[in-house]
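Coordinate analysis (summary)
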Amino acid sequence: MGSKQQAWATICCSLVAVFLVTTTMSCKGAGGLDEQEASLFVDSSKSRQIPQTLFGIFFEEINHAGAGGLWAELVSNRGFEAVINNTPTIEPWSIIGDESSLHLTADRASCFTKNIVALRMEVLCDNCPPGGVGIYNPGFWGMNIEEGKTYNLVMYARSPDSMELIVSLTCSRPSGALKNLASASTRHINLSNWTKVELQLLAQGTCRTARLELTTSKRGVLWLDQVSLMPSDTYKGHGFRKDLTYMLLDLKPRFLRFPGGCFVEGNWLSNAFRWKETTGPWEERPGHYGDVWNYWTDDGLGYYEFLQLAEDLDALPIWVFNAGISHNDAVNSSMILPFVKDAMDSLEFARGNAESTWGSVRVAMGHPDPFPLKYVAIGNENCGYGSYRGNYMAFYSAIRKVYPDIQIISNCDGSSKALDTPADFYEYHNYTDTAAKLFIAKNQFDKTSRSGPKVFISEYAVRDGHNGSLLASLAEAAFLTGVEKNSDYIQMASYAPMFVNEKDRTWSPDAIVFNSWQQYGTPSYWMQTFFRESSGALIHPVTITSRYSDLLAASAITWQDNEKSFLRVKIVNFGSGAVNLTIRATGLQVGVNTKRSRVTILTSGNVLDENSFSNPEKGYRMQQKPCIAS
């Protein structure tokens, strides 16, 4: 078969290139007096297999990544249950009308026992204004409604007064007037008792900042609860926003770590992620306030949905559960058993059969087969807490006894000294405040002892005050070439965070930026696409010869795809000068298809360039061109 070599190189300080050849080649840089000479030698006769799990993704409910993002629910605070900073609120729901025509109160009148709050709407007008009075919800900074698409509304309503409710999707015009995009009525539905109302709305226009309206023109009292609006065309019908899911799929992730991060811990244990509260029918989920990132989530994206997402991505789930520790309080090891029982129940939910207590809950939710949960992390960044080791050992012993195949991940860093507790992996987080620091870190695991647990670099990124620059992605790429080189010891690695809603930039930079209807990848996202074939590939030793070599990083892999053999060499130039690069490879077992040899360059006009919705490729350009082979 023909063989292709892909090499990834920077030809000047703002370039990263990927070459697709398998023999000696020369690629010109930008030219100039400061141009450097470099040669790279790939010994393809020597190889080691990279773990199948090496590169994956990490999802945390941060920056409204799930609520208002990947999870396609359009209604914010759908159950009127939100509590923000210990204060109950129905926001962002707002009134249509005025106090003389409508009175709203939240009372404990719901038909659901776990989320008892419902909205009481008392209509006071006999001759209500045109269009009626009621409430509206703007969603998460506006609902994206597209012409010709259908949207499924589900809500629970009760009224002793036989009231008719009009459900509408509307859009604000420049004049301030509202344009109706879709509407439906409850006219023929009996609401004398709590009733589940299901309506389908077909959009007659497109609006990126639409809102949902519930209105009536008849005097009386109406109770509402659990109002949901979902697009009918979510990914595989599983509730995930398609465009954002496709971006995840394009990374070919081998694992999905979820649901955090600090989101797992909470500032206080009372606000930590509770997996049991996120399972079962969505209407019965109480939701909770994520007090680390300061917003309410209805938990429509719960434990089950995360497991489903991993399956949809063909990625192994890595479940991070609370270790009885938050940022401000902790459970003593002598009292940790309820938390251990909770964790064991979560494993039974994922892996148990239909006859088991929690396996039957999963089956009832629509997934009869067990999920392939083989990795768990006990806590997040908790090693420095006094109770962590005792708590950890209680979890470890219980899991190892019942599920000996599950790989257990410790929060304690074993890179500088041996762990004092057993583990299959230890987590390592690497955030740097400059790109230079992460570039230097590419060699940090070269001489680390190979004894003891393997490494999971579950969070890495350059946090240099920018929103995702080319310079940051170059340093991250160099770091990942070191991860590949040390993949006998480093078994998994994931960038963090994955998503940010442009309206909630609590943490930056991130890999993917989105709003209600569009998205773009930062240079860090596109950098990761160069590594998507690395998991399971063969890595080969490389040698760089140049006076400039301290500012270069490289790796070389081969892999099979559709019975064809590929060689990819990735090279990062972190310096300020252009480079004339010659690549040589020996030991290849097949010939070279020079016609299909290519150089792909990740570049920009300035290393500090960033992407935006108006210019989604400013921070990077993907250039492909032939490379001369000899």
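Everything here concerns the structure above.
The notes below deal with the structure included here.

The rules behind these values
Residues numbered from 1 in each chain as written. Predicted model: local features only at pLDDT ≥ 70, side-chain atom pairs only at ≥ 80, totals over all residues. Heavy atoms only, no water. Pairing = 2+ DSSP bridges. Helix = DSSP H or I, 4+ residues; strand = E, 2+ residues; numbered from the N terminus. Axes fitted to C-alpha atoms, helices over the stretch in contact; angles between N-to-C directions. Contact = heavy atoms within 4.5 Å. Buried < 20%, exposed > 50% of the residue type's maximum accessible area, 1.4 Å probe, protein only. Core = buried A, V, L, I, M, F, W, Y, C linked by side-chain atoms within 4.5 Å. Salt bridge = Lys/Arg side-chain N within 4 Å of Asp/Glu carboxyl O. Disulfide = S-S within 2.5 Å. Parallel < 35°, antiparallel > 145°, perpendicular 65-115°, else oblique. Left-handed = near helix turned anticlockwise from the far one by under 90°. Nonpolar A, V, L, I, M, F, W, Y, C, P; charged D, E, K, R; others polar.

A word on the sheet that holds strand S31 (residues 519-521). Spatially, S29-S30-S31 is the arrangement adopted by the three strands of the open sheet, whose pairing is mixed. The two strands at the open ends of the sheet, each matched to only one other strand, are strand S29 (499-501) and S31. Neighbour-to-neighbour, the strand axes of this sheet turn through a mean angle of 20 degrees, independent of strand direction. Strand direction decides the pairing type here: S29 and strand S30 (residues 512-514), joined by three bridges, are parallel. When the bridges of S30 are listed, Phe499 appears paired with Ile512. Set on the sheet, helix H1 (residues 242-249) makes contact with S29, S30 and S31; between it and S31 the angle comes to about 15 degrees.

As a further point, take the sheet that holds strand S26 (residues 425-432). Taken together, eight strands build an open sheet; the order of strands is S6-S20-S23-S24-S25-S26-S27-S28 and the sheet is parallel. For this open sheet the edge positions go to strand S6 (57-58) and strand S28 (490-493), each flanked by a neighbour on one side alone. Pairing analysis gives four bridges linking strand S23 (residues 316-321) to strand S24 (residues 375-378), with the strands arranged parallel. Directly across from Val320, in S24, lies its bridge partner Ala377. Where helix H6 (residues 388-402) meets the sheet, its contacts fall on S23, S24 and strand S25 (407-410), and the angle it forms with S25 comes to roughly 175 degrees.

In summary, the side chains of a regular strand alternate between the two faces of the sheet. Most of strand S35 (residues 564-573) is tucked away: nine of the 10 residues are buried. When strand S34 (residues 552-561) meets S35, the two strands line up antiparallel, connected through 10 bridges. Its bridge partner lying in S35, Thr558 is registered against Leu567. In this antiparallel pair of consecutive strands, S34 and S35, the connection spans two residues, and Asn562 shows a positive phi of 55 degrees.

We now examine the pairing of S25. As paired elements, S24 and S25 share three bridges and run parallel to each other. Bridge assignment links Val376 to a residue of S25, and that residue is Ile408.

On to the nonpolar core, then. If you look at the biggest cluster of nonpolar residues, it comprises 113 residues, and the most contacted ones within it are Trp319, Ile457 and Phe499. At nine residues, helix H8 (residues 470-485) tops the list of elements feeding residues into this core. Sequence-distant contacts of Trp319, that is, excluding residues within four places in its chain, are made with Phe258, Pro259, Phe273, Trp275, Tyr303, Ser346, Leu347, Leu373, Tyr375, Val376 and Ala377.

With that settled, the discussion passes to the pattern of salt bridges. One pass over the structure, following the stated rule, counts 26 salt bridges. One salt bridge in this structure joins Arg219 and Asp126, with 3.6 Å as the shortest N-O distance. Of this pair, Arg219 sits in the loop between strand S18 (207-216) and strand S19 (220-231) while Asp126 sits in the loop between strand S11 (118-123) and strand S12 (133-137), and the two are 93 residues apart along the sequence. Of the charged contacts, one joins Asp424 and Arg400 as a salt bridge, the two residues approaching to 2.7 Å between their closest N and O atoms. Pair noted here: Asp424 is in the loop between S25 and S26 and Arg400 is in helix H6, with a separation of 24 residues, a long-range link. Residues participating in the shared-partner salt-bridge network are Glu146, Lys149, Arg208 and Asp233.

Further remarks concern the state of the cysteines. Applying the stated criterion across every chain yields a total of three disulfides. The residue that forms a disulfide with Cys125 is Cys128, at a sulfur-sulfur distance of 1.9 Å. Disulfide Cys125 to Cys128: torsion about the S-S bond roughly 85 degrees, handedness right-handed. Residue classification places Cys125 among the buried residues on the basis of a relative accessible area of 10%.

What follows deals with the packing of helix H3 (residues 303-312) against helix H4 (residues 337-351). One way to put it is that H3 packs onto H4 with a least axis distance of 11 Å and a crossing angle of 45 degrees. Of the possible angle classes, the one that applies to H3 and H4 is oblique. Considering only the axes of H3 and H4, their crossing is right-handed. Packed against H3, whose contacting residues are Tyr303, Tyr304 and Leu307, the element H4 presents Ser346, Leu347, Phe349 and Ala350 at the interface. Looking at the contact of H3 with H4 residue by residue, the class counts come to six nonpolar, one polar and no charged.

Honestly, it's all geometry; don't read function into it.
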